[in-house]
Amino acid sequence: MQAAAAAVHRPHLLGAYPGGGRARRPSSTVRMALREDGPSVAIVGATGAVGQEFLRVISSRGFPYRSLRLLASERSAGKRLPFEGQEYTVQDLAAPGAFDGVDIALFSAGGGVSRAHAPAAVASGAVVVDNSSAFRMDPEVPLVIPEVNPEAMAHVRLGKGAIVANPNCSTIICLMAATPLHRHAKVVRMVVSTYQAASGAGAAAMEELKLQTQEVLAGKAPTCNIFSQQYAFNIFSHNAPIVENGYNEEEMKMVKETRKIWNDKDVKVTATCIRVPVMRAHAESVNLQFEKPLDEDTAREILRAAEGVTIIDDRASNRFPTPLEVSDKDDVAVGRIRQDLSQDDNKGLDIFVCGDQIRKGAALNAVQIAEMLLK
Ligand code: NAP
């Protein structure tokens, strides 16, 4: 039965995935995007993990820009960063006039920085695409995944200051896979368990995982600066603070943001978010309960047609999505697509989703939002 299923449901593999099918732009392609008719772009947090990914995505997608301003804290001001054949000097975000003449400001320097500086960017006429959680739940601020709810930012115009929020990385990865199924059969309840990588906590966390791995293998005590406990060769509950109801903030983001993005205050969502010692890309186990029946073959067809989704679901060779396989890729990968046996009438499905959370979970999603402003 399993072998037959695998034969029928051949894995749908893209680009650099094994056995690659549909051609896609490799992330390493460098295309000069400096153009007189492009917008003036500022990157806030340009020296960070997401900031650096913004630059890679801008380059690989050929996102047009007339000028580029790289902003960070006083610590990095003066540092020189090469990009597309030019050298840029990192500027202090707090210096006067940081947003003068800027059309689009991609923010990724933490919630406090966004709260302190996004209003100034908006006042100077820029559209801010914010990666932090600072404005996500503000009813005036659209929370957008371009493949899911582009209509939410239909009123945002270049030249008129505004903020558009990028959802939390785990929410983006989950909803990229769940939304096409939701559109078909309406999700009434979603149970998510995450396996989150070091990269989600920034460049310093990735360094700490590397260092700890070397230390533990050498029989030394691990250095714990970013996380309060050993990360290498361990897993632990996500480091976000626990709130009053016992959930942590990462879990509550998935609950609240899903309701806002789907514009459905009744959808039931529960999540358990866990850090695993993976360098880059998150994995998520997602259980979906639907209002209407949805069989797994139909689900597979829906996901095969979904933009930004790749299926890796080869039962015969036990090959399913992994964080390594999706690292540096645009698409989220979905596998383990199966009927939930505990639910009647084909009204439940289990899926396993992996996505590069620095890329689709942050930088790519933000640049796609910026692209929508140019249309
Ligand atoms: P990161 O690697 O630690 O980088 C932080 C960046 O913010 C650096 O460029 C840093 O500049 C800058 N910064 C910090 N304090 C600043 C200040 N006071 N003024 C100006 N710049 C300041 O962190 P990250 O992973 O890129 O994440 C940044 C933000 O994106 C966070 O809000 C995070 O929640 C969000 N996010 C991250 C991910 C992810 O996968 N990592 C996904 C979605 C959203 P210096 O070099 O000067 O210190």
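Every value quoted in this text rests on a predicted model; they were computed, and no experiment measured them.

### A word on the sheet that holds strand S9 (residues 187–196)
Then step 1. Taken in spatial order, the seven strands line up as S10-S11-S9-S12-S15-S14-S13 in an open sheet, and their pairing is mixed. What marks the edges here is a single partner per strand, and that holds for strand S10 (236–237) and strand S13 (309–311).
Then step 2. Two strands pair when backbone bridges link them, and S13 and strand S14 (residues 332–339) are joined in this way by three bridges, in the parallel orientation. Across the sheet, residue Thr 310 finds its bridge partner in S14, namely Ala 333.
Then step 3. Of the strands in this sheet, S9, strand S11 (268–275), strand S12 (282–290), S13, S14 and strand S15 (348–355) touch helix H4 (residues 169–185), which is tilted by about 30 degrees from S12.
Then step 4. Against the sheet, helix H7 (residues 296–305) engages S13, S14 and S15, with an angle of about 170 degrees to S14.

### Things to note about the UniProt feature "domain: Semialdehyde dehydrogenase NAD-binding" (unreviewed entry) in the protein chain
Then step 1. Under the UniProt annotation, the feature "domain: Semialdehyde dehydrogenase NAD-binding" (unreviewed entry) is placed at residues 40–156.
Then step 2. Each end of residues 40–156 is marked by a C-alpha atom, and these two atoms are 17 Å apart; helix forms 22% of the span and strand 25%.

### A short note on the UniProt feature "active site" (unreviewed entry) in the protein chain
Then step 1. Within this numbering scheme, the UniProt entry marks Cys 169 and His 282 as carrying the feature "active site" (unreviewed entry). The annotated residues occupy 114 residues of the chain but converge on a single region, no pair of C-alpha atoms lying more than 8.6 Å apart.
Then step 2. Residue position: Cys 169 is located in helix H4.
Then step 3. Residue classification places Cys 169 among the buried positions, given that 28 C-beta atoms sit within 10 Å.
Then step 4. Not counting chain neighbours up to four residues away, the residues in contact with Cys 169 comprise Gly 200, His 282, Gln 357, Gly 361 and Ala 362.
Then step 5. As for its placement among the helices and strands, His 282 is situated in strand S12.

### Some points on the site of the ligand
Then step 1. Residues in contact with the ligand amount to 29 residues; listed here are only the nearest, Gly 45, Gly 48, Ser 73, Ala 109 and Gly 202.
Then step 2. Looking at the shell around the ligand, the elements with two or more residues in it are helix H2 (49–61), helix H3 (111–123), helix H5 (203–217) and helix H9 (359–374).
Then step 3. At three residues, the largest contribution of residues to the shell around the ligand is made by H2.
Then step 4. A breakdown of the residues in the shell around the ligand according to their chemical character gives twelve nonpolar, 16 polar and one charged.

### Overview of the pairing of strand S6 (residues 104–107)
Then step 1. Of the two faces of S6, the one lined by Ile 104 and Leu 106 and the one lined by Ala 105 and Phe 107 are each fully buried.
Then step 2. Pairing between strand S1 (residues 40–44) and S6: four bridges, direction parallel. Counterpart to Val 41 in the pairing with S6 is Ile 104.
Then step 3. The pairing of S6 with strand S7 (residues 127–130) spans four bridges and is classified as parallel. Bridge assignment links Ile 104 to a residue of S7, and that residue is Val 127.
Then step 4. In the classification by handedness, the crossover that spans S6, the intervening H3 and the parallel S7 is right-handed.

Rules of the game
Every chain is numbered independently, its residues counted from 1 as its sequence is written. Selection of residues for local features in this predicted model requires a pLDDT of at least 70, selection of side-chain atom pairs for listing and counting requires 80 or more, and totals for whole chains, interfaces and linings are taken over all residues. Two strands qualify as a pair provided DSSP detects at least 2 bridges between them. Numbering of helices and strands runs from the N terminus; a helix is a DSSP stretch of H or I covering at least four residues, while a strand is a stretch of E covering at least two. Throughout, a pair of residues is in contact if the C-beta atoms placed from their backbones lie within 7 Å. In this analysis an axis means a line fitted to C-alpha atoms, helices contributing only their contacting stretch, and an angle means the value between N-to-C directions, from 0 to 180 degrees. UniProt positions are given in the numbering used here, feature names are shortened, and annotations may be inferred rather than shown by experiment. As a rule, residues whose C-beta atom has 12 or fewer other C-beta atoms within 10 Å are exposed, those with 20 or more are buried, and those in between are partly exposed; C-beta atoms are placed from the backbone. By convention here, the C-beta atom is placed from the backbone, and a residue is near a molecule or strand when that atom is within 6 Å of it. Just so you know the grouping, Ala, Val, Leu, Ile, Met, Phe, Trp, Tyr, Cys and Pro go in nonpolar, Asp, Glu, Lys and Arg go in charged, and all remaining residues, Gly too, go in polar. If you view a crossover with the strands going away from you and the path from the first strand over the helix to the second runs clockwise, you call it right-handed.

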